[in-house]
Amino acid sequence: MPTPPDAPDDAITPGSRIYETDDSVAQYLEFHYGAELFGVANFPLACIAAAVEHRDGRPWKRGLDVGCAVGRSSFEMARHADHVDAFDFSAAFVAACERLQAEGELNYLIPTEGLLREPRCASLKANGLEETAGRVQFGVGDACRLAAELTDYDVVFAGNLIDRLYEPAAFLREIVSRVVPGGLLVITSPYTWLEDYTPVDRWLGGRPDGGKTLDGMRQVLADSCDLVGCEDIPFVIRETARKHQHTVAEASFWRKH
Ligand SMILES: C[S@@+](CC[C@H](N)C(=O)[O-])C[C@H]1O[C@@H](n2cnc3c(N)ncnc32)[C@H](O)[C@@H]1O
């Protein structure tokens, strides 16, 4: 397996190329803005609702969505925060966020079977998001090389990102320094560690010689945060009309000292 680079390039890891494809953009638009499947609640919406439950009465002036994909969690966070920064390493995902923000809707094609596709439309208005969407500032960025100006956040959401990073422990140490005291860091992940994204010696859990990822994260964050909550949040990603991924992410809520 090629070792991920120490400095970012246009593919960052072998696995991350997938997130630049039209099919990935369509799949994530459907995941974030499409109809509920099999009775499983919309994932970005459920994650931000769970984060709000841990807000502890604290106003959110500034929020950050790291690895925002096509932006639903960023827009949901903006209902509750004065300003949200949101970034992703995929330029294709960020372009979709920006078009959705500028035009209010975005057309895309989802695969049904074989080469057949069906048209769909992601809409901010249909989801009651158009009033607050202007509070989000999107950009392309690398979570493992955080820009200096990304700081002073009351809430940071990293949804299903940690097991896609080439330096997950370094990310955790750095991101928590960008949270204000009393602020909240929310991590969700199914902990599907893969060498295409993360060299095995950098996995935070799931190695035969180690423990679970939650314990690995607890070790990294022990000096800076308290773990104030943990819950399962399931999600369904549609692959075709008849094939879906049903996954259960663990959401952990960390309050900065
Ligand atoms: C599994 S997806 C999850 C997306 C979204 N948060 C969600 O929950 O639907 C992982 C996301 O992380 C992004 N990503 C991977 N490595 C990254 C990095 N180093 N910096 C920023 N984003 C990254 C990918 O482009 C992709 O959008």
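Since we're looking at a predicted model, the values are computed, not measured.

Analysis parameters
- Residues numbered from 1 in each chain as written.
- Predicted model: local features only at pLDDT ≥ 70, side-chain atom pairs only at ≥ 80, totals over all residues.
- Helix = DSSP H or I, 4+ residues; strand = E, 2+ residues; numbered from the N terminus.
- Rg over C-alpha atoms; globule rule 2.2 N^0.38 Å.
- Buried ≥ 20, exposed ≤ 12 C-beta atoms within 10 Å, placed from the backbone.
- Contact = placed C-beta atoms within 7 Å.
- Near = placed C-beta within 6 Å.
- Nonpolar A, V, L, I, M, F, W, Y, C, P; charged D, E, K, R; others polar.
- Pairing = 2+ DSSP bridges.
- Axes fitted to C-alpha atoms, helices over the stretch in contact; angles between N-to-C directions.
- Parallel < 35°, antiparallel > 145°, perpendicular 65-115°, else oblique.
- Left-handed = near helix turned anticlockwise from the far one by under 90°.
- pLDDT = per-residue confidence, 0-100.
- Arc of directions from axis to C-beta.
- Core = buried A, V, L, I, M, F, W, Y, C linked by C-beta atoms within 7 Å.

Engineer: Before we go on, may I ask you to explain the overall build of the chain in this structure?
Structural biologist: Secondary structure summary: the chain contains six helices and nine strands in total. On C-alpha atoms alone, the chain measures out to a radius of gyration of 17 Å, which is about the 18 Å that the 2.2 N^0.38 rule sets for 257 residues. Structurally, the chain occupies a C-alpha span of about 50 × 45 × 35 Å along its principal axes. Burial statistics for the chain: of 257 residues in total, 42% are counted as buried. Within the chain, contacts between residues separated by at least 24 positions form 70% of all contacts whose residues are at least 6 apart in sequence.

Engineer: How do you make sense of the site of the ligand when you look at a structure like this?
Structural biologist: Around the ligand, the surrounding shell holds 18 residues, and the nearest of these are Gly67, Ala69, Phe89, Ala143 and Gly159. A breakdown of the residues in the shell around the ligand according to their chemical character gives ten nonpolar, five polar and three charged.

Engineer: Teacher, can you tell me more about the sheet that holds strand 9 (residues 243-256) here?
Structural biologist: Strand pairing within a sheet occurs via backbone hydrogen bonds; the two strands may be parallel or antiparallel. Pairing is mixed across the open sheet formed by seven strands, whose spatial order is 5-2-1-6-7-9-8. This sheet does not close on itself; its edge strands, each paired only once, are strand 5 (136-140) and strand 8 (225-240). Neighbouring strand axes in the sheet, compared pairwise and without regard to direction, differ in orientation by 15° on average. Here strand 2 (residues 81-88) pairs with strand 5 via five bridges, running parallel. Bridging across to strand 5, aspartate 88 finds its partner in valine 140. The strands that helix 4 (residues 91-103) touches are strand 2 and strand 5; relative to strand 5, the one it contacts most, it runs at about 155°.

Engineer: What should I look at first to understand the packing of helix 1 (residues 22-33) against helix 4 in this one?
Structural biologist: Each pair of packed helices can be summarised by the angle the axes make with each other and by the distance between the axes. In contact at an axis separation of 10 Å, helix 1 and helix 4 are set at 50° when each is read in the N-to-C sense. Compared by their axis directions, helix 1 and helix 4 come out oblique. Two packed elements cross with a definite hand, and for helix 1 against helix 4 that hand is right-handed. On the side of helix 1, the interface is formed by Val25, Tyr28 and Leu29, while helix 4 contributes Ala92, Phe93 and Ala96. Residues of the contact of helix 1 with helix 4, tallied by class, amount to six nonpolar, no polar and no charged.

Engineer: It is not clear to me how unusual backbone geometry should be interpreted in this structure. Could you clarify?
Structural biologist: Note: most residues except glycine have negative phi, and most peptide bonds are trans. Positioned with a positive phi, alanine 69 is a non-glycine residue whose angle comes to about 55°. As for its position among the elements, alanine 69 is in the loop between strand 1 (60-66) and helix 3 (72-78). One non-glycine residue with positive phi stands out, namely asparagine 160, at about 50°. With respect to the element layout, asparagine 160 can be found in the loop between strand 6 (153-159) and helix 5 (168-176). For asparagine 160, a count of 21 C-beta atoms within 10 Å translates into the label buried.

Engineer: Explain the confidence of the model for the chain here, please?
Structural biologist: The predicted coordinates ought not to be read in detail in places where the model reports low pLDDT. Across the chain, pLDDT averages 95, with 96% of residues at or above 70. The low-confidence segment residues 1-8, where pLDDT is below 50, has ten contacts with residues more than four positions distant or belonging to other chains.

Engineer: Is there a simple way to think about helix 5 in this case?
Structural biologist: It helps to recall that an α-helix has 3.6 residues per turn; residues three or four apart then point in one direction. Turning to helix 5, its buried residues are Pro168, Phe171, Leu172 and Ile175. In a view along the axis of helix 5, the buried residues occupy a sector of 100°, so they form one face of it. Among the structural elements, strand 1, strand 6, strand 7 (179-189) and helix 6 (213-221) are those in contact with the buried residues of helix 5.

Engineer: What is the right way to read the packing of helix 5 against helix 6 from this model?
Structural biologist: Where helix 5 meets helix 6, the axes come as close as 10 Å, and the angle between the chain directions of the two elements is 45°. Looking at the two axes, helix 5 sits oblique to helix 6. The chirality of how helix 5 crosses helix 6 is right-handed. On helix 6, the residues that touch Ala169, Leu172, Arg173 and Val176 of helix 5 are Met217, Val220 and Leu221. Class assignment for the residues of the contact of helix 5 with helix 6 results in six nonpolar, no polar and one charged.

Engineer: When you look at the nonpolar core in this model, what are you seeing that I'm missing?
Structural biologist: Most often, soluble globular proteins keep nonpolar side chains buried together rather than apart. Counting residues in each nonpolar core, the largest one holds 71 residues, and the members touching the most others are Leu29, Val155, Val156 and Val186. In terms of residue count, the dominant contributor to this core is helix 1 (six residues). Valine 186 has contacts with Cys47, Ala51, Val155, Val156, Phe157, Ala251 and Phe253, leaving out every residue within four places of it along the chain.

Engineer: When you look at helix 6 in this model, what are you seeing that I'm missing?
Structural biologist: Listed as buried for helix 6 are Thr213, Gly216, Met217 and Leu221. One side of helix 6 carries all its buried residues, which in axial view fall inside an arc of 125°. Summarising the contacts, the buried residues of helix 6 are in contact with helix 5, strand 7, strand 8 and strand 9.

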